[in-house]
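# Notes for the structure review
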Amino acid sequence: MSLTTVHTVADLRATVANWRAEGLRVALVPTMGALHDGHISLTHLAREHADRVIVSIFVNPTQFAPNEDFGAYPRTLPADQKLLGDAGVELCFAPSVEEMYPDGFATKVSVDGAMTNVLCGAARPGHFDGVAQVVTKLLLQALPDCAIFGQKDYQQLMVIRRFSTDLNIPVEIIGAKILREDDGLAMSSRNRYLTPDERAIAPTLNKVLGDITAKAATGAELGPLLAKGREDILSAGFDPIDYLEVRDADTLELISDTVTKPARIFVAARLGKARLIDNHAIEPA
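This text gives an overview of the structure that appears in the document. (Residues numbered from 1 in each chain as written. Predicted model: local features only at pLDDT ≥ 70, side-chain atom pairs only at ≥ 80, totals over all residues. Heavy atoms only, no water.)

### Comments concerning the pattern of salt bridges
The full count for this structure, using the stated rule, is 15 salt bridges. Salt-bridge contacts for D242 lead to R275; the nearest nitrogen and oxygen are separated by 2.7 Å. Here the residue D242 occupies a position in strand β7 (residues 241–248), and R275 occupies one in strand β9 (residues 274–282), the gap between them amounting to 33 residues. The class of D242 is partly exposed, set by a relative accessible area of 38%. Taken together, the shared-partner salt bridges connect R20, R25 and D145 into one network. (Salt bridge = Lys/Arg side-chain N within 4 Å of Asp/Glu carboxyl O. Helix = DSSP H or I, 4+ residues; strand = E, 2+ residues; numbered from the N terminus. Buried < 20%, exposed > 50% of the residue type's maximum accessible area, 1.4 Å probe, protein only.)

### Things to note about the sheet that holds strand β1 (residues 4–6)
Here we have 6 strands laid out as an open sheet, ordered β1-β4-β3-β2-β5-β6, and parallel in their pairing. Because the sheet does not close on itself, it has two edges, and the strands there are β1 and β6 (172–176). The mean inter-strand angle of the sheet, taken between neighbouring strand axes irrespective of direction, is 25°. Looking at chain direction, strand β2 (residues 26–31) and strand β3 (residues 52–57) are connected through 6 bridges and run parallel. Note on β3: the bridge partner recorded for T31 is I57. Along the sheet, helix α1 (residues 9–21) contacts β1, β2, β3 and β4 (91–93); its crossing angle with β4, the most-contacted strand, is approximately 150°. (Pairing = 2+ DSSP bridges. Axes fitted to C-alpha atoms, helices over the stretch in contact; angles between N-to-C directions. Contact = heavy atoms within 4.5 Å.)

Structure below.
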């Protein structure tokens, strides 16, 4: 099948209804476009779980603060469609802001507690309310059997799992491994903001996380490891660092001494115009 692009919820649902009538399983991969190989890897994972794959492309205004890059965020629909077609995706859902948030729209979805008031939730107030709102809409608009989200946005993945469970949304939420460039930089649409000099510096985040992860897994004290990591990140040219923290892999509760259970180390730091995030799993020895 060749790629079909639809722009309305009605057309999306009509297509899914036809697939359902044929007894087919459906997967959804929500994105904001500016697609790269990391996104395409999500569609490959979706294919392992479903007969038909939908990729949504929507730059969601409600998850951007007024001082963030909503207006500058790259919008590359024709190139994205080419990548999706080459990857064998059947349907692209590319709604307008007016389709997603029509006149009179007045409903909010939010998640309280440790899932949203730490890490990117603390650095970007209101961000996860916008994520919860748009992903709830996309899941209910498509009602797929499963939806795929990358673990580079690990906190986002945990938030989505939380509200999907709380709201009894009948969609399996699947996390996909981080895809990296050859030098270790996590693939991201915002990597396009980097100058050549900044691009050469950017893999420092992955290296620092890898060094801390290896030592933390053997029981090393986190305080000195994180202090050295912050020093290395700043000296490489990042400024500021929003966070460099180790947290419980399931609850996102802060771990400040040693790692004795599955954890993740998270970082967010700015390099020029780009705010880059990354994380590693820490499995204690």
